[in-house]
Amino acid sequence: MSENFYPSYKGGELDPRARQFLTAIAAADLPPLSKLTPHLARERNIVKAFSAPPVPVASIRDMLIDGPFGEIPIRVYTPEGDGPFPVLLYLHGGGWVVGTLDDYNGVCTILCADSGYMVVSVDYQLSPEARFPVAVEEGYATLEWLVDQVEVLNINPERIVVGGDSAGANMATVIAMMSRDREGPPIHYQLLICPATNLEDTNTLSYKQFGFGIWVPEELMQWYTNHYVENQEDLGNPYVSPLLASDLTDLPPAFIVIAEFDILRDEAESYGNRLQEAGIPVSMKVYPGQIHDFVIFGRVMPEAKVALADCCKALKEVRRET
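Residues numbered from 1 in each chain as written. Predicted model: local features only at pLDDT ≥ 70, side-chain atom pairs only at ≥ 80, totals over all residues. Heavy atoms only, no water.

A. Summary view of the environment of Cys-311. For Cys-311, the position within the fold is in helix α11 (residues 302-319). A sequence separation of 54 residues divides Cys-311 from Val-257, and the C-alpha atoms of the two residues are 8.2 Å apart. Ignoring anything within four residues of it in the chain, the contact list for Cys-311 reads Leu-111, Leu-191, Ile-193, Phe-255 and Val-257. (Helix = DSSP H or I, 4+ residues; strand = E, 2+ residues; numbered from the N terminus. Contact = heavy atoms within 4.5 Å.)

B. Expanded view of the pairing of strand β1 (residues 59-67). Sheet analysis places β1 next to strand β2 (residues 70-78), joined by 9 bridges and oriented antiparallel. Its bridge partner lying in β2, Ile-65 is registered against Ile-72. Between β1 and β2, which pair antiparallel and follow one another directly, the connecting turn spans 2 residues. (Pairing = 2+ DSSP bridges.)

C. A look at the nonpolar core. With 117 residues, the main nonpolar core has Tyr-6, Leu-88, Tyr-90, Leu-111, Tyr-228, Ile-291 and Phe-294 as its most contacted residues. Tallying contributions element by element places helix α7 (residues 167-181) first for this core, with 9 residues. The residues touching Tyr-90, leaving out its near neighbours within four places in the chain, are Tyr-104, Val-107, Cys-108, Leu-111, Val-119, Val-120, Ser-121, Val-122, Gly-163, Gly-164, Asp-165 and Ile-193. (Core = buried A, V, L, I, M, F, W, Y, C linked by side-chain atoms within 4.5 Å. Buried < 20%, exposed > 50% of the residue type's maximum accessible area, 1.4 Å probe, protein only.)

D. Structural detail: the packing of aromatic side chains. By the definition in use, this model includes 15 aromatic pairs. Ring geometry for Tyr-6 against Phe-261: centres 5.7 Å apart, planes inclined by 55°, an arrangement best described as tilted. On the criterion of sequence distance, the pair formed by Tyr-6 in the segment before α1 (16-28) and Phe-261 in strand β7 (residues 254-261) is long-range, its members being 255 residues apart. Look at Tyr-6 and you get buried, because its relative accessible area is 6%. Residue classification places Phe-261 among the buried positions, given a relative accessible area of 5%. (Phe/Tyr/Trp six-rings, centres within 6.5 Å; stacked < 30°, edge-to-face > 60°.)

E. Broad picture of the sheet that holds strand β8 (residues 282-291). With respect to topology, 8 strands assemble into an open sheet ordered β1-β2-β4-β3-β5-β6-β7-β8, the strand pairing being mixed. Here the strands that pair on one side only, and so sit at the sheet edges, are β1 and β8. Shown here is a sheet whose adjacent strand axes are inclined to one another by a mean of 20°, direction ignored. Relative to strand β4 (residues 118-122), strand β3 (residues 85-91) is paired through 5 bridges, and the arrangement is parallel. Following the sheet pairing, Leu-91 is matched in β4 by Val-122. (Axes fitted to C-alpha atoms, helices over the stretch in contact; angles between N-to-C directions.)

F. View of unusual backbone geometry. Going from Ser-127 to Pro-128, the amide bond is cis rather than trans, its omega being 5°. Here the bond from Phe-132 into Pro-133 is cis, since omega is 10°, no more than 30 degrees from zero. Relative to the elements of secondary structure, Pro-133 occurs in the loop between β4 and α5 (134-148). Unusually for a residue other than glycine, Glu-183 sits at a positive phi of about 55°. The topology assignment puts Glu-183 in the loop between α7 and β6 (189-193). On the basis of relative accessible area, Glu-183 is assigned to the exposed category, the value being 75%.

Structure (structure tokens):
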């Protein structure tokens, strides 16, 4: 079996653990997600099997809150110590089509325990059953709920962070735009892990390098996109493709995690550059040899722990800002 997963890439070396992971996926000889129905893709979702095990936190509570399209399930992770706590509103990845609160339980406990932030993970409705803008509106509604529950939850309204991975990172930065545009709750910071920022344009170098690879190829990104949006005109909407926004001023500072072997690498970097051009403080870190959304596979990829530690370090630094 060939292990030349990215034949067009002439850059650095694939991380050995990432190579082992991809080799195992290839050896399983499973049909690609893009050939499955959304229902079957959810049944085959591998995130929970490879994500880091949860670590202890003070409490974990499942709740239902009112939203614009019905009740929204959320999971609230509270750290040890006394509040009021800073809070991270977390949107999970999965291409808007797959992903559950349980898949991200380990990641959220690590972010909570190591950063000292309360983490609120949103179980937004998935596509194609609930296409754009349902998911982002549910995320925004959760943000508004947080502000209304400041005293009940014992949180600091001046330290609200939006974050997520992949599609979730897309929604996190879109929620920051919504809050700015609607004069909504102030957001202090953005934590964006391998974000999708431009669903309209696939003409980037990283698409050319990794579009035919084994992990999140162009065909799968197109499958995700087709399920997420109702029509092609939506792709140019800044609330779908934030990189296309004409104005990125007055958005929160950000830390952006970028993987070298990621089809979304270039659009993530371009979004960070555009934020910087708009005068927004941004820190970007490229993780050599890593594949898309490696951060969530802590059970098999040691570098995931490093990246999550970097995320927590960034969160702790902005918590201390006056």
